[in-house]
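Examining the three-dimensional arrangement
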Amino acid sequence: MSSRVASRSGGLTKPAARSASGNRGTGTLTSTRSQSSLSSLDSIAAAGYSTKAAAGAVQLEARYTAAAISSTSSGTIELKIHSAADLAPSQPYLKVYVSSPDGTNVKETKGKTKAKKGGALVIYDEKLTLTIPKSQKWDIKTIRVQVSVWDKNAVKSNVVVGGLSFTVGEVMDGRVGRGWYKVLSSAEGRETHASLGSYEYPAYGMSRADSFTSIASVAQEAVLTSDAVTGGLQLGIDYIPPIGKQNQGTVIIKLGSVVGITAKEPYIKMYLSVQDKDNKNTKLKSKVRRNKTRGQGELTLNESLIMDIPNSVPITGDNRLQIMVWDSARLKNNECVGGFSIALPEVQSGLISEQRWYRLLPHPQ
């Protein structure tokens, strides 16, 4: 079971091997990797490529709509850019456009998101529509949709730091839909994409290595060292909008299981943090359970906790739901064995209702 928890290697898990079947990966590639396809992007100067390594992932949704017979286009691709996580730029934005199988860009189709402040989670929540021009030369299914990540805060000019792409055909047959996609190098991203599975998903934007700096109530001696933190927590979160003005909505945290943890008597503690300050009035605890797995298996929790979001906690990216796993089987003090946090806009979005695995992160030493 522990294989289902996203790893911490390089901040991103290794994507599954690319497969023409389309279950995971890219499907059939329609162009070869070469500098000719890169040089066609003549709007990028030679100095326009970032020296930063591509990193992070983008959460998007793609949908194709066929054009009418009388239309001058071959249809449209609607891209919903939901969010991004762990991107390299300090002020990232996404640029999208269409390219032909020979690597030529169709500049008339270009669109872009607003630039946002970088961080563990960047929420865009933007819709971009690409009109696909008719072509006598290319089959529409072989035309590619390019999604590139740019840094607006570069010293000299905007620079591209990576990207991904997929064919219109992959959108048509459902191989590319709604999900998380790894940001690849600029060269590789122009020709392919790497889809991230549901178990990797929570590691991108859901978890922050520095999210526990706000927990002043945790003494240093009651925290596991970084190399001792293992395992993950499975949960789903429902958001119920408020009725009236008594609060900003209600959150139902559906605890599923924990896996790969060494805590003998684990329980889950959670509460809201407001700009790195804890709101202890929102604190919740699960039942304490006896763990006989010794870190080698899965322990079922099957418990739901209900939390109201008070009006004093705005639903912004700076405010988060803190979730921690504790061990009560200690001689003196309970011990924090790891955790993670989730930005409240992501909670409100409804995108994390389905139960998923979240990697446990260590408390800073």
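Let us look at the structure shown here.

Definitions and limits used
Residues numbered from 1 in each chain as written. Predicted model: local features only at pLDDT ≥ 70, side-chain atom pairs only at ≥ 80, totals over all residues. Heavy atoms only, no water. Helix = DSSP H or I, 4+ residues; strand = E, 2+ residues; numbered from the N terminus. Buried < 20%, exposed > 50% of the residue type's maximum accessible area, 1.4 Å probe, protein only. Contact = heavy atoms within 4.5 Å. Areas by Shrake-Rupley, 256 points an atom, 1.4 Å probe, with all protein chains shown as cover. Pairing = 2+ DSSP bridges. Patch = residues over 30% accessible without salt bridge, like charges linked within 9 Å, V, L, I, M, F, W, Y side chains within 5 Å. Salt bridge = Lys/Arg side-chain N within 4 Å of Asp/Glu carboxyl O. Lys, Arg positive; Asp, Glu negative; His and termini not counted. Charge placed at Lys NZ, Arg CZ, Asp CG, Glu CD. Axes fitted to C-alpha atoms, helices over the stretch in contact; angles between N-to-C directions.

1. A short note on the overall build of the protein
- Secondary structure summary: the protein contains four helices and 17 strands in total.
- When the 365 residues of the protein are sorted by exposure, 52% land in the buried category.
- Partitioning the contacts of the protein with sequence separation of at least 6, the portion at a separation of at least 24 is 70%.
- Taken as a whole, the protein presents about 16,900 Å² of accessible surface, with 49% of it coming from carbon and sulfur.

2. A look at the pairing of strand S4 (residues 105-112)
- Of the pairings in the sheet, the one linking strand S3 (residues 92-99) to S4 comprises four bridges and is antiparallel in character. The partner of lysine 95 across the bridge, within S4, is lysine 112.
- Following S3, the chain reverses through five residues before pairing antiparallel with S4; glycine 103 in that reversal takes a positive phi of roughly 95 degrees.

3. Points about a positive patch on the surface
- Judged by side-chain charge, Lys264, Arg290, Lys292 and Arg294 come together as a positively charged surface patch.
- Relative to the helices and strands, arginine 290 resides in the loop between strand S13 (277-285) and strand S14 (298-308).
- With relative accessibility at 61%, the residue arginine 290 sits in the exposed group.

4. Some words on the side chain of threonine 282
- By secondary structure assignment, the location of threonine 282 is in strand S13.
- In this structure threonine 282 comes out as buried when scored by relative accessible area, which is 8%.

5. Points about the pattern of salt bridges
- A complete count under the given rule lists five salt bridges for this structure.
- Across the pair arginine 289 and glutamate 303 runs a salt bridge whose closest N-O atoms are separated by 3.1 Å. Remark: glutamate 303 occurs in strand S14 and arginine 289 occurs in the loop between S13 and S14; sequence separation between them is 14 residues.
- Classification of arginine 289 as buried rests on a relative accessible area of 15%.
- On the basis of relative accessibility, which here comes to 13%, the residue glutamate 303 falls in the buried class.
- Across the pair glutamate 354 and arginine 356 runs a salt bridge whose closest N-O atoms are separated by 3.3 Å.

6. Observations concerning the sheet that holds strand S16 (residues 335-343)
- Pairing is antiparallel across the open sheet formed by four strands, whose spatial order is S13-S12-S15-S16. Every other strand in the sheet has two partners, leaving S13 and S16 as the edge strands with one partner each. If you compare each strand with its neighbour and ignore which way they point, the axes differ by 25 degrees on average.
- When strand S15 (residues 319-327) meets S16, the two strands line up antiparallel, connected through eight bridges. Across the sheet, glutamine 322 pairs through a bridge with serine 341, a residue of S16.

7. Things to note about the pairing of strand S8 (residues 178-182)
- One ladder, built from five bridges, connects strand S1 (residues 57-65) with S8; its direction is antiparallel. Bridge pairing links leucine 60 to glycine 179 in S8.
- Taken together, the two bridges between S8 and strand S9 (residues 195-196) define a ladder with antiparallel strand orientation. The residue bridging tyrosine 181 from the neighbouring strand is serine 195, located in S9.

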